[in-house]
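# Architecture and fold: a report
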Amino acid sequence: MSDKLQAVIFDLDGVITDTAEHHYLAWKAIGDELNLPFTREFNENLKGVSRLESLRLLLSLSPVELNYSEEQLNALAERKNDLYKELIAQIKPSDVLPGIPELLGKLKRLGIKTAIASASKNAFSVIKNLKMEEQFDIIVDAAEIKNSKPDPEVFLAAAEQLGVKPEACVGIEDAVAGVEAIRSAHMTAVAIGKKEHFPHAHVTYSCTAELNADALIELHRQH
Ligand code: B16
Ligand code: MG
């Protein structure tokens, strides 16, 4: 049996709010400009992955070899980010995903700590627009993380900053790379999305409304 559950570590985009959709729309605009066959299915590979790595994946869809200079690549990534920032400027408190406020409230009452472990350098802006700055014990600064998901670094940093052992944590993710990161961090992994995308998750829920503190405690106890 594992240690008692002490912390729940949340991914941001696609778990706390639907910014996964905003990332998709911004990349889709860049893909359309470059005439790349970018689909929602392919977008699953970009979730949780850093901005430049996402661009590299997008460009890999080209049937011909693209020889962009580093400067051109940075300009494309910056343009995607400008589009994304325009979209997230509209985010408001009611955009928090169903079930999240109730889950955070229950975890607080139970004395279970919470953190955000996002790959996004825009995470603080999103949390600010949601007016959720006070609701998490820790928000890891993505700018301080050297190795992006699937590397466990951001989840391990969250546990360390909370002062808990990784084994005492549950991680919640909507990305394949994110679930791998949680597993590599030796945490209990909860996925949000389609079951077939997440063979390595300990449990997969179709949406955040299905999250429940008692079920997370029980799941963690079993792993
Ligand atoms: P940015 P998460 C990730 O956030 C997104 O899933 C991914 O699509 C994005 O490329 C990455 O953040 C970097 O974001 O360009 O804003 O720095 O899911 O880990 O919260
Ligand atoms: Mg995500």
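Our subject is the structure that appears above.
Here's a quick rundown of the structure. Since the structure is predicted, the reported quantities are computational estimates derived from the model, not experimental observations.

This part is about the site of ligand 1. The environment of ligand 1 is made up of 18 residues, and the closest members are D13, R51, S118, S120 and K149. Within the side chain of D11, one N or O atom sits 2.7 Å away from an oxygen atom of ligand 1. Residue R51 places a side-chain N or O atom 2.7 Å away from an oxygen atom belonging to ligand 1. When the free accessible area of ligand 1 is taken as 470 Å², the share hidden by the protein chains comes to 98%. Taken together, the residues of the shell around ligand 1 sort by class into four nonpolar, seven polar and seven charged. Looking at which domains feed residues into the shell around ligand 1, each of domain 1 (7-18 + 92-222) and domain 2 (20-88) gives three or more.

Among all positions of helix α3 (residues 51-59), only S54, L55, L57, L58 and L59 are buried. Contacts made by the buried residues of α3 are with α1 (19-33), α2 (40-43) and α4 (70-88).

Surrounding the magnesium ion (ligand 2) are the protein donor atoms D11 (OD), D13 (O) and D174 (OD), which sit 2.1 to 2.2 Å from the metal. Donor residues for the magnesium ion (ligand 2) sit on one chain with the sequence pattern D-x1-D-x160-D. Of this pair, D11 sits in the loop between β1 (7-10) and α1 while D174 sits in the loop between β4 (169-173) and α8 (176-184), and the two are 163 residues apart along the sequence. A single burial state applies to D11 and to D174, both of which are buried.

Our focus in this paragraph is the environment of H220. Assignment of secondary structure puts H220 in helix α9 (residues 213-222). Judged by relative accessible area, which is 1%, H220 ranks as buried. There is a polar contact of 3.5 Å between the side chain of H220 and the backbone nitrogen of L5.

The rules behind each value
- Residues numbered from 1 in each chain as written.
- Chains lettered and ligands numbered in written order.
- Predicted model: local features only at pLDDT ≥ 70, side-chain atom pairs only at ≥ 80, totals over all residues.
- Heavy atoms only, no water.
- Near = heavy atom within 4 Å.
- Polar contact = N/O pair within 3.5 Å; in protein donor to acceptor, adjacent residues only side chain to side chain.
- Areas by Shrake-Rupley, 256 points an atom, 1.4 Å probe, with all protein chains shown as cover.
- Nonpolar A, V, L, I, M, F, W, Y, C, P; charged D, E, K, R; others polar.
- Domains from an automatic or database assignment.
- Buried < 20%, exposed > 50% of the residue type's maximum accessible area, 1.4 Å probe, protein only.
- Helix = DSSP H or I, 4+ residues; strand = E, 2+ residues; numbered from the N terminus.
- Contact = heavy atoms within 4.5 Å.
- Donors = N, O, S within 2.8 Å, 3.2 Å for Na, K, Ca; no water.

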